[in-house]
Amino acid sequence: MLKTVLSYAHELIEKTVAPGETLIDATCGNGQDTLFLSKLTGETGQVWAFDIQEKAIERARELMTANDVHHVSFVHDSHANLAAYLPHDEQIGGAVFNLGYLPRSDKSVVTKGDSTVAAIRNMLPLLKPKGLIVLVVYHGHPGGKQEKQAVLDYLNSLDQQKFHVLSYGFINQKNDPPFLLAIEKR
Ligand SMILES: C[S@@+](CC[C@H](N)C(=O)[O-])C[C@H]1O[C@@H](n2cnc3c(N)ncnc32)[C@H](O)[C@@H]1O
C-alpha cells in the first residue's frame, strides 16, 4: 500500500510535469531517472542530465540510444554549474536528484553537501511555479550523513511562504534507508 521512496518520487514529479517542458536529472548515473524524465517531457521537451563521471554519462547515453531517446543533453560537469549550460532564463518544469554513489562503480565518488545545496539554490529561481525538485537521499555511505545534514539545514531555511518542503521515508527500517525530500515552489 505505501509507496517505496523511489516510486513516490516518480509519482510526485509525474503529476507536475507537462509534455514539452525542460527537466533536470541532476545525477544521471546509469540513466534510469533520465529515461523516466524523457518520457514525461516527450520529444517536444528536453532533459538535461548531469554527472561528474564520464562512465555514468556513457552508460546513460547507451540507455537512451537503446530506447531511441534523442531529446537528452548530457553534461559532464557538476550539477552546481547548471546555470552555465542551460539557455539564459530557461524555466525548468522539475528536477530529480539521486544522492550517493553510482551503482556498479567506484563507491568513493559520491554527491557532496556543498555542491548539492549549491545546485538546489541555483535551480530554485528557474523552477516553474508549482514545480518540484525531488531528492532521493541515500546516506549510509561515508560522508552521507554530512550531506544529508547540509541538505536538511538548507531546506529548513527556505521561506515557507515561497516553498513547501516534504520529507517521506520509512522510520522503522534498518541500515539507513533512503528517504525522499520534495521542494514545491508555491
Ligand atoms: C546514486 S547515483 C545516481 C543514480 C542514477 N539516478 C541512476 O538511475 O542510475 C549518483 C550519481 O551522482 C553523480 N554525482 C556525484 N557528484 C555529482 C555532482 N556534483 N554533479 C553531478 N553528478 C554528481 C555520481 O557520479 C553518480 O553517478
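Residues numbered from 1 in each chain as written. Predicted model: local features only at pLDDT ≥ 70, side-chain atom pairs only at ≥ 80, totals over all residues. Heavy atoms only, no water.

## Re the site of the ligand
And step 1. Neighbouring residues of the ligand: 23 residues in total, closest Asn30, Asp51, Gln53, Ser78 and His79.
And step 2. Within the backbone of Thr27, a nitrogen or oxygen atom sits 3.3 Å from a nitrogen atom of the ligand.
And step 3. Contact between the ligand and Ser78: a nitrogen atom at 3.0 Å from a side-chain N or O atom of the residue.
And step 4. If the ligand stood free it would expose 600 Å²; the protein chains cover 94% of that surface.
And step 5. Looking at the shell around the ligand, its residues break down into eight nonpolar, 12 polar and three charged. (Near = heavy atom within 4 Å. Polar contact = N/O pair within 3.5 Å; in protein donor to acceptor, adjacent residues only side chain to side chain. Areas by Shrake-Rupley, 256 points an atom, 1.4 Å probe, with all protein chains shown as cover. Nonpolar A, V, L, I, M, F, W, Y, C, P; charged D, E, K, R; others polar.)

## What to know about the pairing of strand β1 (residues 22-25)
And step 1. Neither face of β1 is open: one carries Thr22 and Ile24, the other Leu23 and Asp25, and all of them are buried.
And step 2. In terms of strand pairing, β1 meets strand β2 (residues 46-50) through four bridges, oriented parallel. Each bridged residue has a counterpart across the sheet, and for Leu23 the counterpart in β2 is Val47. (Buried < 20%, exposed > 50% of the residue type's maximum accessible area, 1.4 Å probe, protein only. Helix = DSSP H or I, 4+ residues; strand = E, 2+ residues; numbered from the N terminus. Pairing = 2+ DSSP bridges.)

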